[in-house]
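One-letter residues, chain by chain:
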Amino acid sequence: MTEAILLVGGKGTRLRPLTVHTPKPMVPAAGVPFLTHQLARARAAGVEHIVLATSYLAEVFEPYFGDGSALGLHIEYVTETEPLGTGGAIRNVASRLTSAPDDPVLIFNGDILTGLDIRALVTTHEDSGADVSLHLTKVDDPRAYGLVPTDGTGRVQAFLEKPQTPEEIVTDQINAGAYVFRRSVIDTIPAGRPVSVERETFPDLLASGAHLQGMVDSTYWLDLGTPQAFVRGSADLVLGRAPSPAVPGRCGDSLVLPTATVAPDAKLTGGTVVGDDAVVGEGARVDGSTVLAGAVIEPNAVITDSLIGAGARVGARTVLAGAVIGDGADVGADNELRDGVRVWCGARLPAGAVRFSSDQ
């Protein structure tokens, strides 16, 4: 297996305001665009040629990654003029593949952080003679996901979308968003219209008698679809809990990029990242959070499990917990923002304007 398709066309609406100016795969995680981690892991597994299926803010990708040579890859870009869904996006880039009809092609989503053993998935695909092989993982609460029950040999039996009643939950195995397709199967996906690989392609293949194989790999797996998950994923990369050869530094309690400035008495813990040209002031405490490029954390601010957008400012003594501050926003001193609050890009919050507790 030397070819892969990476689906990076989604709008990332659940991640807004992080994705107002930046496509979801390009939001920095552990100091580099999240997509960098996926590309590096694919290269480490032997992939040489990757086609990026782009749509939303498509113009951002190529100027950053170019032809992929810096990562040891050959990267091509295909942009959808109208969103085509996961299956439609795969079909839309098929003409750029050079694999033979029976060759395996790796396909993965641009918003999943995983420790998947990619080579093992390909080996499973080849040894089983499958038409499509799927990475499956086990979760405690599968109601938000598509269930994929398998038989004793790992052969897929059904696809069950987001069950809600106990009777419908027949397995804890879910579709984890990485696949190996036999090259010829990609050409059977209808062209020129939206197609969901999860809701249409896979069930149709199963109904036609195709061999779909599941491989359960329950190493690290996280859907980065929400701000809270994205912040956690970045922290886990820094802490070494999630594997990636692309983290720009040694794993540890924090990652401070070379041009950032952190006061000697500031405390950074829990996988915190401080981006290029960002500033963390005296006495500030930042735990499990991401501070993007050019952001300013003023003295004695306390920030936990939050993301501070590029060029944003957090005022002195302000407390953030589970918050997202958009690019260029200005949160004045002595505010207290908690529990998933999102401050939009460029917004201005006066000093002491919002609190969850007394100011005394």
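One can find the structure itself at the top, above this paragraph.
Counting restarts for each chain: residues are numbered from 1 in the order of the written sequence. At least 70 in pLDDT is required for a residue's local features to be given in this predicted model, at least 80 for side-chain atom pairs to be given and counted, and no such filter applies to totals for whole chains, interfaces and linings, which use all residues. For side-chain calculations, the full set of non-hydrogen atoms in the structure is used, while hydrogens and water are omitted.

Asker: How do you make sense of helix H3 (residues 85–92) when you look at a structure like this?
Answerer: Each full turn of the α-helix corresponds to 3.6 residues, which orients residues three or four apart in the same direction. Buried, partly exposed and exposed residues are distinguished by accessible area as a fraction of the type maximum, computed with a 1.4 Å probe on protein chains only: under 20%, between the cut-offs, and over 50%, respectively. The helix count covers DSSP runs of H or I at least four residues long, the strand count covers runs of E at least two residues long, and both are numbered beginning at the N terminus. Within the span of H3, buried status applies to Gly87, Gly88, Ala89 and Ile90. Note on contacts: a residue pair is in contact if any heavy atoms of the two residues lie within 4.5 Å. Looking at the buried side of H3, the elements it contacts are strand S1 (3–7), strand S4 (49–54), strand S6 (104–109), helix H5 (183–186) and helix H6 (197–207).

Asker: Even after reading the chapter, I still don't get the environment of serine 133, so can you show me in this structure?
Answerer: Within the element layout of this structure, serine 133 appears in strand S8 (residues 132–138). Look at serine 133 and you get buried, because its relative accessible area is 0%. Sequence separation between serine 133 and glutamate 161 is 28 residues, and the spatial gap between their C-alpha atoms is 18 Å. Setting aside anything within four residues of it in sequence, one finds serine 133 in contact with Leu121, His125, Ser128, Ala178, Tyr179, Val180 and Gln213.

Asker: Honestly, helix H7 (residues 227–239) in this entry has me stumped. Any pointers?
Answerer: The span one expects for a helix is its residue count, reduced by one, times 1.5 Å. In this model, H7 (13 residues) spans 18 Å end to end at C-alpha, consistent with the 18 Å of a helix rising 1.5 Å per residue. With ten of 13 residues buried, H7 lies mostly within the body of the structure. For H7, every residue scored as buried is listed here: Pro227, Ala229, Phe230, Val231, Gly233, Ser234, Ala235, Asp236, Leu237 and Val238. Just beyond H7, the residue with positive phi is glycine 240, at close to 85°.

Asker: Which parts of the structure should I look at to understand the packing of aromatic side chains?
Answerer: In this description, a pair of aromatic rings is defined by centroid distance and the angle of the planes. Paired rings are identified among Phe, Tyr and Trp, the last through its six-membered ring, by centres lying within 6.5 Å, and are further divided according to the angle between planes into stacked (under 30 degrees), edge-to-face (over 60) and tilted (the rest). Overall, the coordinates contain seven aromatic pairs when judged by the stated rule. An angle of 80° between the planes, with centres 5.0 Å apart, marks the rings of tyrosine 179 and phenylalanine 202 as edge-to-face. With a gap of 23 residues between them, tyrosine 179 in strand S11 (residues 173–182) and phenylalanine 202 in helix H6 connect regions that are remote in the sequence. Relative accessible area serves as the criterion here: at 1%, tyrosine 179 is assigned to the buried category. Ring geometry for phenylalanine 181 and phenylalanine 202: centres 6.0 Å apart, planes at 35°, overall tilted. Of this pair, phenylalanine 181 sits in strand S11 while phenylalanine 202 is found in helix H6, placing the two residues 21 residues apart along the sequence.

Asker: Which parts of the structure should I look at to understand the side chain of threonine 54?
Answerer: Along the polypeptide, threonine 54 turns up in strand S4. A residue is classified by how much of its surface remains accessible, and threonine 54, at 1% relative accessible area, is buried. Those residues in contact with threonine 54 that lie beyond four places of it in its chain are Val8, Gly9, Phe61, Val78, Thr79 and Glu80.

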